[in-house]
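# Descriptive analysis of the structure
The primary structure of each chain is shown beneath.
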Amino acid sequence: MLDINVEDYLAKGRNALIRKIVQKSDCAGNYSNSLHEVMSTLACIDMAIKASVEAVDKHLPEGYATVGRQICFTHDAPSSIDMTVNVRATLVEISGRILMFDIKAWDEMGDVGHGYYERVVVKQNEVLQKSRERAKFLQQRTF
């Protein structure tokens, strides 16, 4: 349970923009045997996550962060190597500790994709503790 009011720290409209020139490491060819020169959907989603974190996490008090919960992204147009892709995440809704972001992506030729992304405000130490508890089974495994 949070002991802060998220709206004391964040407001609708807060946003961040991530911009990058598409490199080979961003391309769909890393996941399939084709499309070696086209930016992958995963690379666009990675930019959306980074933009969302940039928009809000630095405004939360020490000891708090956000974690991803759900994403829906529609990748409408291909961006080639050396094109500049921009992804903006805008906070559009705050519901308790749940944050909803509107995601827009574009390059020099126009729209590339859009979607929404949900993140949750958490206490960092609680997430780390839960992670350690879940990992305890690893000590019990035998190979």
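Refer to the structure presented above.
In this report, the structure presented in the accompanying data block is examined. (Residues numbered from 1 in each chain as written. Predicted model: local features only at pLDDT ≥ 70, side-chain atom pairs only at ≥ 80, totals over all residues. Heavy atoms only, no water.)

## Here's the deal with the pairing of strand S5 (residues 110-123)
Taking burial as the measure, the 14 residues of S5 include 10 buried ones, the bulk of the element. Taken together, the 11 bridges between strand S2 (residues 64-75) and S5 define a ladder with antiparallel strand orientation. In the strand pairing of S5, Tyr64 is matched with Lys123. Examined bridge by bridge, strand S4 (residues 98-107) and S5 share 10 bridges and lie antiparallel to one another. Note that in S5 the partner of Trp106 across the bridge is Asp111. (Buried < 20%, exposed > 50% of the residue type's maximum accessible area, 1.4 Å probe, protein only. Helix = DSSP H or I, 4+ residues; strand = E, 2+ residues; numbered from the N terminus. Pairing = 2+ DSSP bridges.)

## Notes on the sheet that holds strand S1 (residues 15-21)
Read across the sheet, five strands follow the order S1-S3-S4-S5-S2 without closing on themselves; strand pairing throughout is antiparallel. Looking at which strands have only one partner, the edges of the open sheet turn out to be S1 and S2. Across this sheet, the average inter-strand angle for adjacent strands is 25°, counted without regard to direction. In this structure, S1 lies alongside strand S3 (residues 84-95), joined through seven bridges in antiparallel fashion. In the sheet register, Lys20 faces S3, and the bridge partner there is Val85. Contacts from helix H1 (residues 41-56) reach S1, S2, S3, S4 and S5 within the one sheet, and its direction differs from that of S3 by about 50°. Docked against the sheet, helix H2 (residues 124-135) engages S2 and S5, running at close to 85° with respect to S5. (Axes fitted to C-alpha atoms, helices over the stretch in contact; angles between N-to-C directions. Contact = heavy atoms within 4.5 Å.)

Shape is all these values report; function is a separate question.
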